[in-house]
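One letter stands for each residue in the lines below.
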Amino acid sequence: MFGKKNKIIIIVDGMHCEHCAKKVTDAILKVDDSAKVKVDLKSGGVIITSKNSIDINSVKENVNETGFTFVGVKE
């Protein structure tokens, strides 16, 4: 049987290109290397899906360290 997946959508400001998306993705994967990350450059939305619980504080810290701005979690 498969475990439950956790999914959150965060908003990140300052991404303009695929290189930006890669930096944000890598920052998130440092928190959970088994997560799946999908970046939408147009909206600034980042979908994070993981079988593990997602440590949003660590995600925020890592994203901000890349030079982008973690705006918040989309409800």
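Residues numbered from 1 in each chain as written. Predicted model: local features only at pLDDT ≥ 70, side-chain atom pairs only at ≥ 80, totals over all residues. Heavy atoms only, no water.

## Re the overall build of the protein chain
Part 1 of the argument: Tallying secondary structure elements over the protein chain gives two helices and four strands in all.
Part 2 of the argument: Going from N to C terminus, the protein chain has its helices and strands arranged as β-α-β-β-α-β.
Part 3 of the argument: Taking 75 residues into account, the globule formula puts the C-alpha radius of gyration at 11 Å, and the protein chain, at 12 Å, falls close to it.
Part 4 of the argument: Structurally, the protein chain occupies a C-alpha span of about 40 × 20 × 20 Å along its principal axes.
Part 5 of the argument: Counting over 75 residues, the protein chain shows a buried share of 31%.
Part 6 of the argument: At a minimum sequence separation of 6, the contacts of the protein chain that also span at least 24 residues come to 64%.
Part 7 of the argument: For the protein chain, the distance from the average site of its 12 positive side-chain charges to the average site of its 10 negative ones is 7 Å. (Helix = DSSP H or I, 4+ residues; strand = E, 2+ residues; numbered from the N terminus. Rg over C-alpha atoms; globule rule 2.2 N^0.38 Å. Buried < 20%, exposed > 50% of the residue type's maximum accessible area, 1.4 Å probe, protein only. Contact = heavy atoms within 4.5 Å. Lys, Arg positive; Asp, Glu negative; His and termini not counted. Charge placed at Lys NZ, Arg CZ, Asp CG, Glu CD.)

## A look at the sheet that holds strand 3 (residues 45-50)
Part 1 of the argument: With respect to topology, four strands assemble into an open sheet ordered 2-3-1-4, the strand pairing being antiparallel. A single partner strand is all that each edge strand has here, and the edge strands are strand 2 (36-40) and strand 4 (69-73). Averaged over all neighbouring strand pairs, the angle between strand axes comes to 25 degrees, with direction disregarded.
Part 2 of the argument: With five bridges joining them, strand 2 and strand 3 adopt antiparallel strand pairing. (Pairing = 2+ DSSP bridges. Axes fitted to C-alpha atoms, helices over the stretch in contact; angles between N-to-C directions.)

## A short note on the packing of helix 1 (residues 18-31) against helix 2 (residues 56-65)
Part 1 of the argument: The contact between helix 1 and helix 2 brings their axes to 9 Å, and the two run at 145 degrees. Helix 2 is crossed by helix 1, and the crossing has right-handed handedness. On helix 2, the residues touching Val24, Ala27, Ile28, Lys30 and Val31 of helix 1 are Ser58, Val59, Asn62 and Val63.
Part 2 of the argument: Within the contact of helix 1 with helix 2, the residues separate by chemical class into six nonpolar, two polar and one charged. (Left-handed = near helix turned anticlockwise from the far one by under 90°. Nonpolar A, V, L, I, M, F, W, Y, C, P; charged D, E, K, R; others polar.)

## With respect to the pattern of salt bridges
Part 1 of the argument: In total, this model carries one salt bridge according to the counting rule given.
Part 2 of the argument: Of the charged contacts, one joins Asp26 and Lys22 as a salt bridge, the two residues approaching to 2.9 Å between their closest N and O atoms. Here Asp26 and its partner Lys22 are both found in helix 1, four residues apart, which amounts to about one turn of the helix. (Salt bridge = Lys/Arg side-chain N within 4 Å of Asp/Glu carboxyl O.)

## Some words on the nonpolar core
Part 1 of the argument: Ile10, Val12, Val24, Ile28, Val46 and Val63 are the most contacted members of the largest nonpolar core, which totals 13 residues.
Part 2 of the argument: Counting residues per element, the ones that place at least two in this core are strand 1 (6-13), helix 1, strand 3 and helix 2.
Part 3 of the argument: Here the element with the most residues in this core is helix 1; it accounts for three residues.
Part 4 of the argument: Excluding residues within four positions of it along the chain, Val63 makes contact with Val12, Val24, Ala27, Ile28, Phe68 and Phe70. (Core = buried A, V, L, I, M, F, W, Y, C linked by side-chain atoms within 4.5 Å.)

## Digging into the state of the cysteines
Part 1 of the argument: Taken as a whole, this structure holds zero disulfides when the rule is applied.
Part 2 of the argument: There is no disulfide at Cys17, and the cysteine sulfur nearest it, in Cys20, is 3.5 Å away.
Part 3 of the argument: Under the relative-accessibility criterion, Cys17 is labelled partly exposed at 32%. (Disulfide = S-S within 2.5 Å.)

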